[in-house]
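Secondary and tertiary structure notes
So the chains spell out like this:
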Amino acid sequence: MVPSGHLRLDIDANYVTWSERFGLRSEGGSLVEEVEPLGWNLSSDALGSDRLPAAALSEARLWTLFGNPDYRFNLGSTNHLLAAHIRRVPLGFQLGVFRWLTVGASLPMVQRKLDSELVYSSGEANAGLAPAPSVSAPFMNEYRNALSEAHAAIASLCQVDDSTPECRTGRTVLAEGDAFLASLSTLFGEAVFFPLQGSVAGQDLTDRLEAVRTGLEDIGVASFMAELPLGTPLDQAGFDSLVVAPVFGRDGLPLKGMDALWEPGDLEVGAALQVLNITPRAPDPRASGEAADSAAGPERDSGGGFGIRLGVAGTLRLGTGAPQDTLRDFLDMEVAEGQMDIEVRAFGGVDWARRVGLTFDVRYGIASPVYVRRRIGPPDTGFAPRPPLETVQWQPGNYLEYAIAPQLLLTPELAVGFVYRSLSRGADSFAGDAGDLAPLSLETDAEVRSMGVDVRYSSFLGGGFPVVARFGWEAARNGAGGRTPKTGRVRFGASLFWRLWGD
């Protein structure tokens, strides 16, 4: 709480960074929960349909053709080195209207940064880019012409006597040739990836074509000379250009990092009420100038005895910031959500044994719905095949956060504390006319627990200029949810006080 008639100006700089998350995925029909790299969705030792939905259909075609349901594309290996950083500097003020009432407002300035590098290696790849139509079309024309000639020849032969061995053999050759032609026509028409020359699948396709050629020659049809076109191997440059092609997204997804400009977040206004304040000795009234937050509470009198403080507060997040267009980013780092939130809070602390204390902070937030544009697809799909963009109504999940901070007052001016924080967030919900929106809600709930230290200096009890300076560090230790960041946080801040009226 800020004493009556005093104005407090706050400047806080928060730097949050993460390169891992508390992941959730399915492997072999079982759910796996573990810490995984932030770039896991785009990393693979054998890149195939597990990361590239565009490969799944062609794989299924080849399963049927080869009679091998275990066949998988391997385009090589990828390692997505991804790290996210958010710098947030809330600028705010608190005004002590009465001894028991403090009001204030805060506007955060936010900067987003992504470090992104996708390293590709062809490795033991068995597939590459599918042949272009300009390559596959001439082959298919020659193949069709040869089969047409064979159909005419066998029709003439069987018209005389369809019971002869030559007629039966010819019809068998034609059936095999037609079936293989239909399979190739489908594959060339829809495949994004195709087996490479020298791969097991590539050799199988070539052997099947050679069997058709031999069969046609055996029934007297001149063999066509065109070679079966196979996949084109990828290199790093080819892979980079492929990723931003429309096959992976409507306009492609950029792989390069991002260093955005500073942007305003959502304006917050609020009020705090003092419910209880029992102190063993009355200190300088400015000593209670800082409301307890999640790291530490007001400065305490350095005398002995027992003290207790309790306050409640409410914050209205007005949604004044403009939501960022993150539809083409691999990672959603919203600066502002554009909707109104309400947060209620209880805070306070206990002091005893002259230099020892404990502060606490409990927050509960409720968000209002807002219309946003989203890509419809599951969260673990890194390269989504042409995901549609839809306008949907987004209802963020409510959250509960609490922090406990034991503290030791080393000197009248300097306090050191240990911080334990727990945050849980409910799943988001979505509504709209876009069909199945269930994938959007997947892995939007979150739990994270973090620990850290807080160091605070106050000039009040030392008789200096009225200022409070603070430094804090926290790191997430465990959590759950699937997309929950495993963050590290550094905080620098200062509060300056001015007396506007009163003694």
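Residues numbered from 1 in each chain as written. Predicted model: local features only at pLDDT ≥ 70, side-chain atom pairs only at ≥ 80, totals over all residues. Heavy atoms only, no water.

1. Some points on the overall build of the chain
Condition: Runs of E in the DSSP output that reach at least two residues are strands. Runs of H or I that reach at least four are helices, and both are numbered from the N terminus. Using a 1.4 Å probe on the protein chains alone, a residue whose accessible area is under 20% of its type maximum counts as buried, one over 50% counts as exposed, and one in between counts as partly exposed. Residue contacts follow a heavy-atom distance rule, with two residues in contact if any of their heavy atoms lie within 4.5 Å. Note that accessible areas follow from Shrake-Rupley with a 1.4 Å probe, and for residues the cover is restricted to the protein chains shown.
Each helix and strand in the chain was counted, giving six helices and 22 strands. The proportion of buried residues among the 503 residues of the chain is 46%. Pairs at least 24 residues apart make up 74% of the contacts formed inside the chain by residues separated by at least 6 positions. In the structure as shown, the chain presents an accessible area of about 23600 Å², 58% of it carried by carbon and sulfur atoms.

2. As for the pattern of salt bridges
A pair can form between side chains of opposite charge whenever their charged atoms are brought close. Selection criterion: Here, a salt bridge means any Lys or Arg side-chain nitrogen found within 4 Å of an Asp or Glu carboxyl oxygen.
This structure, assessed with the given rule, holds 23 salt bridges. With a closest N to O distance of 3.3 Å, Asp12 and Arg491 form a salt bridge. Of this pair, Asp12 sits in strand β1 (residues 6–18) while Arg491 sits in strand β22 (residues 488–499), and the two are 479 residues apart along the sequence. The exposure classification of Asp12 matches that of Arg491, with both residues buried. Arg213 serves as the salt-bridge partner of Glu210, at 3.0 Å between the closest nitrogen and oxygen. Of this pair, Glu210 and Arg213 both sit in helix α4 (residues 200–218), three residues apart, roughly one helical turn. A residue is classified by how much of its surface remains accessible, and Arg213, at 7% relative accessible area, is buried. Bridged by salt links that share partners, the residues Glu268, Arg317, Asp341, Glu343, Arg345, Asp361 and Arg363 form one connected network.

3. A closer look at unusual backbone geometry
Trans peptide bonds make up most of the peptide bonds, and negative phi angles are found at most residues other than glycine. Residues other than glycine seldom take positive phi values, yet Glu443 does so here, at roughly 60°. Examined against the element boundaries, Glu443 turns out to sit in the loop between α6 (438–441) and β19 (446–458).

4. Quick look at the pairing of strand β10 (residues 268–278)
Operational definition: Only strands joined by at least two bridges in the DSSP assignment are considered to pair.
Here strand β5 (residues 101–121) runs beside β10; their pairing, made up of six bridges, is antiparallel. For Val103, the partnering residue across the bridge sits in β10 and is Ala271. Strand direction decides the pairing type here: β10 and strand β11 (residues 307–317), joined by ten bridges, are antiparallel. Among the inter-strand pairings, Ala271 is bridged to a residue of β11, identified as Gly314.

5. A few points about the nonpolar core
Stated precisely, the cut-off is as follows: Definition used in this section: a nonpolar core is a set of buried Ala, Val, Leu, Ile, Met, Phe, Trp, Tyr and Cys residues joined via side-chain atoms within 4.5 Å.
Ranked by internal contacts, the top residues of the largest apolar core, which has 48 residues, are Phe139, Tyr143 and Leu216. With nine residues, the next largest nonpolar core counts Trp18, Leu38, Leu82 and Leu114 among its residues.

6. Remarks on the packing of aromatic side chains
A ring pair, where both rings are aromatic, is described by two values, the distance of the centres and the angle of the planes. Quick note on the threshold: Two aromatic rings from Phe, Tyr or Trp, using only the six-membered ring of Trp, form a pair when their centres are within 6.5 Å; if the ring planes differ by under 30 degrees the pair is stacked, by over 60 it is edge-to-face, and anything between is tilted.
Tallied over the entire structure, the rule returns eight aromatic pairs. Between Phe66 and Tyr71, the ring centres sit 5.6 Å apart and the planes meet at 85°, which makes this aromatic pair edge-to-face. Of the residues examined, Phe66 reaches a relative accessible area of 16% and is grouped as buried. Put simply, the rings of Phe66, Tyr71 and Phe73 touch in pairs and so form one group of aromatic residues.

7. Let's talk about a nonpolar patch on the surface
Applied cut-off: Residues form patches when they are more than 30% accessible in relative terms and have no salt bridge. Like charges link within 9 Å. Nonpolar side chains (Val, Leu, Ile, Met, Phe, Trp, Tyr) link within 5 Å.
A surface patch of nonpolar side chains, about 650 Å² in accessible area, is lined by Phe98, Trp100, Leu273, Val275, Leu276, Ile278, Leu310 and Val312. Listed by contribution, the elements that provide at least two residues to the nonpolar patch are β10 and β11. No other element matches β10, which puts four residues into the nonpolar patch. With respect to the helices and strands, Val312 occurs in strand β11. Of the residues examined, Val312 reaches a relative accessible area of 33% and is grouped as partly exposed.

8. Points about α4
We count it as follows: Residue count minus one, scaled by 1.5 Å, sets the expected span of a helix.
When the terminal C-alpha atoms of α4 are compared, their 27 Å separation across 19 residues agrees well with the 27 Å that a helix rising 1.5 Å per residue should span. Every buried residue of α4 is accounted for by Ala201, Gly202, Leu205, Thr206, Leu209, Val212, Arg213, Gly215 and Leu216. Structurally, α4 contributes buried residues whose contacts are with α1 (53–66), α2 (133–160), α3 (165–190) and β7 (193–195). Gly220 occupies a position one or two residues after α4 and carries a positive phi of about 90°.

9. Quick notes on the state of the cysteines
Counted only if it meets this: When two cysteine sulfur atoms lie within 2.5 Å, the pair is treated as a disulfide.
Applying the stated rule across the entire model yields one disulfide. The residue that forms a disulfide with Cys158 is Cys167, at a sulfur-sulfur distance of 1.8 Å. Since a negative S-S torsion denotes a left-handed disulfide, the Cys158-Cys167 link at about 115° is right-handed. Exposure remark for Cys158: the relative accessible area of 8% places this residue in the buried category. A relative accessible area of 0% places Cys167 in the buried class.

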